[in-house]
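Take a look at the letters that make up each chain.
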Amino acid sequence: MLFTLRSKTVFRETSRYVLLYNLLFADTVLLALTQLLYILAAGGIMLTYPVCGVLAMLGILTNVISPLTLVVMSLERYVAVCYPLRHATIITIRNTGVAIIVVWAFSSLNVLTRVLLLLDFPFEALESLQMTDVCSDIPMLLGPMSDHYNKAYTCFVFVSASVAVICSYIGVMVAARSASTDKASARKARNTLLLHLVQLGLTLSSTMHASIVISLSATLHRLVIGRIKTTFYVFIFILPRCLSSLIYGLRDQTIRPVLMYHLCCQLKFSHRSKG
């Protein structure tokens, strides 16, 4: 999908495809990081706090990019349906680039705040910087301030992103009943926003998993917590990231033929090589 979105000029010069590329890029980085951490955990390899901190913060950075980009994509669909005559002037490549910069800046500010909170932790009091648990974002919540900030930030992103997508969906629903609105376009945008809402719910759940796991770890056995983490990893990390490719790769009439062309060429090339 990333290669497909850079293969044609129309993808590079259309705002919603630029936003999709940003979403898929962040999701790809996050999946690569989570796969690395999962392999390290399965192998029982313990990292030091500085190394784990870098990996965890990079994961947090890309994890927050997904819901914020989904919000921008939902607003773009809202403008396309409710203000079709002004869409070309509002949703430009320049404005899209500014929106992407704001999304990354907001997420980077969150990471910077977490790093500053970590610096207040008395690491010199530890016997060693070697971790005694597997690396994830949960062991990096050192101190009560980090935990309180994590809960407050998660709640803020969850509520604000949900309100934005739901309001966009309601706006498209209202516009769909208008006689002057293209019914087919409004229906397609409504279905896309509904899928975004489901995807957003799953994605935002991944931002809440740390608080959920910490709460459950106080009452459940360590082995049960490990199985819960694996279940969370599949359903709230991998599944919503796969939905992005499915929503656009299969439903979008512009992307699908190009994507299938590249996939079929790869299959034909592989078949000829074996022959």
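In every chain, residue numbers begin from 1 and rise along the written sequence. Confidence filtering applies because this is a predicted model: local features only for residues at pLDDT of at least 70, side-chain atom pairs given and counted only at 80 or more, and all residues used for totals across whole chains, interfaces and linings. Processing note: side-chain calculations cover all non-hydrogen atoms of the structure and skip hydrogens and water entirely.

## A short note on the overall build of the chain
- The helix and strand inventory of the chain stands at 10 helices and 0 strands.
- Secondary structure follows DSSP: runs of H or I at least 4 residues long count as helices, runs of E at least 2 residues long count as strands, and numbering of each begins at the N terminus. Its helices and strands in sequence order give the chain the pattern α-α-α-α-α-α-α-α-α-α, from N to C terminus.
- When accessible area is computed with a 1.4 Å probe and restricted to protein chains, residues below 20% of their type maximum are described as buried, those above 50% as exposed, and intermediate ones as partly exposed. With 275 residues in all, the chain has 40% of them scored as buried.
- Whether two residues are in contact is decided by their heavy atoms: any pair within 4.5 Å suffices. In the chain, 79% of the contacts between residues at least 6 apart in sequence involve partners at least 24 apart.
- Using a 1.4 Å probe, accessible areas were evaluated by the Shrake-Rupley method; residue-level cover was limited to the displayed protein chains. Accessible surface, the chain: about 15000 Å² in total, of which carbon and sulfur atoms supply 69%.

## Section: the packing of helix α3 (residues 15-42) against helix α4 (residues 49-82)
- Axis geometry follows a simple rule: fit a line to the C-alpha atoms, using only the stretch in contact for helices, then measure angles between N-to-C directions, giving values from 0 to 180 degrees. For the pair α3 and α4, the least separation of the axes is 9 Å and the interaxial angle reads 155°. Accordingly, the angle class assigned to the pair α3 and α4 is roughly antiparallel. In the packing of α3 onto α4, the handedness of the crossing is left-handed. The cut-offs work like this: below 35 degrees is roughly parallel, past 145 is roughly antiparallel, 65 to 115 is roughly perpendicular, and the gaps in between are oblique. By convention the crossing between two helices is left-handed if the near helix lies anticlockwise of the far one by an angle smaller than a right angle, and right-handed if it lies clockwise.

## Focus: helix α6 (residues 93-119)
- What a helix is expected to span follows from its residue count: subtract one and scale by 1.5 Å. Spanning 27 residues, α6 covers 39 Å between terminal C-alpha atoms, matching the ideal 39 Å at 1.5 Å per step.
- If you check which residues of α6 are buried, you get T96, I100, V103, S107, N110, V111, R114, L117 and L118.

## As for the environment of R190
- Residue placement: R190 occurs in helix α8 (residues 183-217).
- C-alpha separation for the pair R190 and I170, spaced 20 residues apart in sequence, amounts to 8.8 Å.
- Aside from chain neighbours lying at most four places away, what touches R190 is Y169, V172 and M173.

## Overview of the nonpolar core
- Here, the term nonpolar core denotes a set of buried Ala, Val, Leu, Ile, Met, Phe, Trp, Tyr and Cys residues that are joined through side-chain atoms within 4.5 Å. L5, F11, L20 and I255 are the most contacted members of the largest nonpolar core, which totals 17 residues.
- Secondary structure elements with two or more residues in this core: α3, α4, α7 (144-176) and α10 (255-274).
- Sorting elements by how many residues they give to this core places α3 first, with 5 residues.
- Excluding its chain neighbours within four sequence positions, the residues that come into contact with F11 are T4, L5, Y17, V18, T254, I255 and V258.

## Some words on a nonpolar patch on the surface
- Think of a patch as exposed residues, more than 30% relative accessible area, with no salt bridge, where like charges cluster within 9 Å and nonpolar side chains (Val, Leu, Ile, Met, Phe, Trp, Tyr) cluster within 5 Å. Salt bridge, as used here: a side-chain nitrogen of Lys or Arg that lies within 4 Å of a carboxyl oxygen of Asp or Glu. Side chains of L109, L112, V115, L116 and L119 sit close together on the surface and give an oily, nonpolar patch of about 470 Å² of accessible area.
- With respect to the element layout, V115 can be found in helix α6.

## A short note on the side chain of T62
- Position of T62 among the secondary structure elements: in helix α4.
- Definition of a polar contact: a pair of N or O atoms within 3.5 Å, with one able to donate and the other able to accept a hydrogen when the atoms are protein atoms, and with sequence-neighbouring residues admitted only if both atoms are side-chain atoms. A polar contact is formed between the side chain of T62 and the backbone oxygen of L58, at a distance of 3.1 Å.

## A look at the packing of aromatic side chains
- Note on ring pairs: Phe, Tyr and Trp rings are taken, using the six-membered ring of Trp, and paired if centres are within 6.5 Å. Classes follow the plane angle, with under 30 degrees stacked, over 60 edge-to-face and the rest tilted. In this structure the tally under the stated criterion is 5 aromatic pairs.
- Ring geometry for F11 versus Y17: centroids 5.1 Å apart, planes at 80°, classification edge-to-face. Exposure class is identical for F11 and Y17. Each is buried.
- Taking the centre distance of 6.3 Å and the plane angle of 40° together, the rings of F106 and F156 count as tilted. Of this pair, F106 sits in helix α6 while F156 sits in helix α7; the two residues are 50 residues apart in sequence, bridging distant segments of the chain.
- Residue F106 is classed as partly exposed on the basis of its relative accessible area of 31%.
- Residue F156 is classed as partly exposed on the basis of its relative accessible area, which comes to 48%.
- Three or more aromatic residues joined by ring pairs form one cluster here, namely F106, Y149, Y153 and F156.

## Brief notes about the confidence of the model for the chain
- pLDDT is defined as a per-residue confidence score from the predictor, taking values between 0 and 100. Mean pLDDT over the chain stands at 78; residues scoring 70 or higher make up 82%.
- Mean pLDDT values over the elements of the chain span from 63, in α10, up to 90, in α6.

## Considering the packing of α3 against α6
- In contact at an axis separation of 9 Å, α3 and α6 are set at 25° when each is read in the N-to-C sense. Considering their axes alone, α3 and α6 lie roughly parallel with respect to each other. Once α3 is placed against α6, the crossing between them reads as right-handed. Taking contact as the criterion, the partners of S15, V18, L19, N22 and F25 in α3 are, on α6, I93, T96, I100 and W104.

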